[in-house]
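Here's the letter readout for the chains.
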Amino acid sequence: MGFLQSPARDILLLREEGEELDVNDICPDSYGLFGSLFSEEHSMKTWEKFINKSEEEQRELLDCRRAVHADIAEPAESSPTVTKCLQRIDRNMRGTLRKHKKHIAPTLADIEQDLSEFFSESPDAIVVLKMDSSFHRMLLHAVSQFLALNSSSEDIFGDRLTQIETDGSFVPPSVPLAECLTQL
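Residues numbered from 1 in each chain as written. Predicted model: local features only at pLDDT ≥ 70, side-chain atom pairs only at ≥ 80, totals over all residues. Heavy atoms only, no water.

1. Brief notes about the pattern of salt bridges
Point 1. Throughout the structure, instances matching the rule amount to two salt bridges.
Point 2. For Lys-130, the salt bridge is made with Asp-159, and the minimal N-O distance between the two is 3.3 Å. With Lys-130 in the loop between β1 (126-129) and α9 (134-146) and Asp-159 in strand β3 (residues 159-165), the pair connects residues that are 29 residues apart, well separated along the chain.
Point 3. Judged by its relative accessible area of 54%, Lys-130 is exposed. (Salt bridge = Lys/Arg side-chain N within 4 Å of Asp/Glu carboxyl O. Helix = DSSP H or I, 4+ residues; strand = E, 2+ residues; numbered from the N terminus. Buried < 20%, exposed > 50% of the residue type's maximum accessible area, 1.4 Å probe, protein only.)

2. A look at the confidence of the model for the protein chain
Point 1. Residues at a pLDDT of 70 or more form 67% of the protein chain, whose mean pLDDT is 75.
Point 2. α9 holds the highest mean pLDDT among the elements of the protein chain, 93, whereas helix α1 (residues 6-16) holds the lowest, 48.
Point 3. Note on residues 1-15: pLDDT is under 50 here. Beyond four places in sequence and across chains, it has 11 contacts.
Point 4. Every residue in residues 71-78 is under pLDDT 50, and counting partners more than four places away or in other chains gives 13 contacts. (pLDDT = per-residue confidence, 0-100. Contact = heavy atoms within 4.5 Å.)

3. Structural notes on the environment of Ser-122
Point 1. For Ser-122, the position within the fold is in the loop between α8 (101-121) and β1.
Point 2. For Ser-122, a relative accessible area of 30% corresponds to the partly exposed category.
Point 3. Along the backbone, Ser-122 and Phe-170 are 48 residues apart, and their C-alpha atoms lie at a distance of 8.9 Å.

4. Some thoughts on the packing of helix α7 (residues 91-99) against α8
Point 1. Running from N to C, α7 and α8 point in directions that differ by 105°, and their axes come no closer than 6 Å. Taken together, the axis directions place α7 and α8 in an arrangement best described as roughly perpendicular. Side by side, α7 and α8 meet where Leu-97, Arg-98 and Lys-99 of the first sit next to Lys-101, Ile-104 and Leu-108 of the second. (Axes fitted to C-alpha atoms, helices over the stretch in contact; angles between N-to-C directions. Parallel < 35°, antiparallel > 145°, perpendicular 65-115°, else oblique.)

5. Regarding the state of the cysteines
Point 1. According to the stated counting rule, one finds zero disulfides in the structure shown.
Point 2. As a non-bridged cysteine, Cys-85 has Cys-180 as the owner of its nearest cysteine sulfur, 9.2 Å distant.
Point 3. Under the relative-accessibility criterion, Cys-85 is labelled buried at 0%. (Disulfide = S-S within 2.5 Å.)

Structure (structure tokens):
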């Protein structure tokens, strides 16, 4: 009987001794995801924040979560949804954003706020920026994609510059990218 694992061997021994078997003898005490929600303080706080939001805000956050974790086809609408906006971001960039979300949220918020304010006032303008690093440049491209802005980087006189522009109109999403990522 060496091939039997210890829990299976224990059950077999209990049966041979004539003891009654209970489900708990076979399956260890456990609880599902919903049960763990109530036992973990951080999860409970996140749940309470979510449940206290309006139904519309809850839907936006759920759309945001689905879009970050999977490619979802979204029906055509006049105003951009968070799901659509997230789907604009290159898949590899989305993975990087998800992986580093705790550290980059403030930077994303700053970039998004600056671009949104600028293009809300001047949708026909062009912005040219020199970012501190290639990682910050990648964040700039990700935010640009989220906001449906056209961005490209090129070397000019030894500096790597990023040019950002609209297609002539600018409508920011209802939920900022940084907020959407921190809810995941």
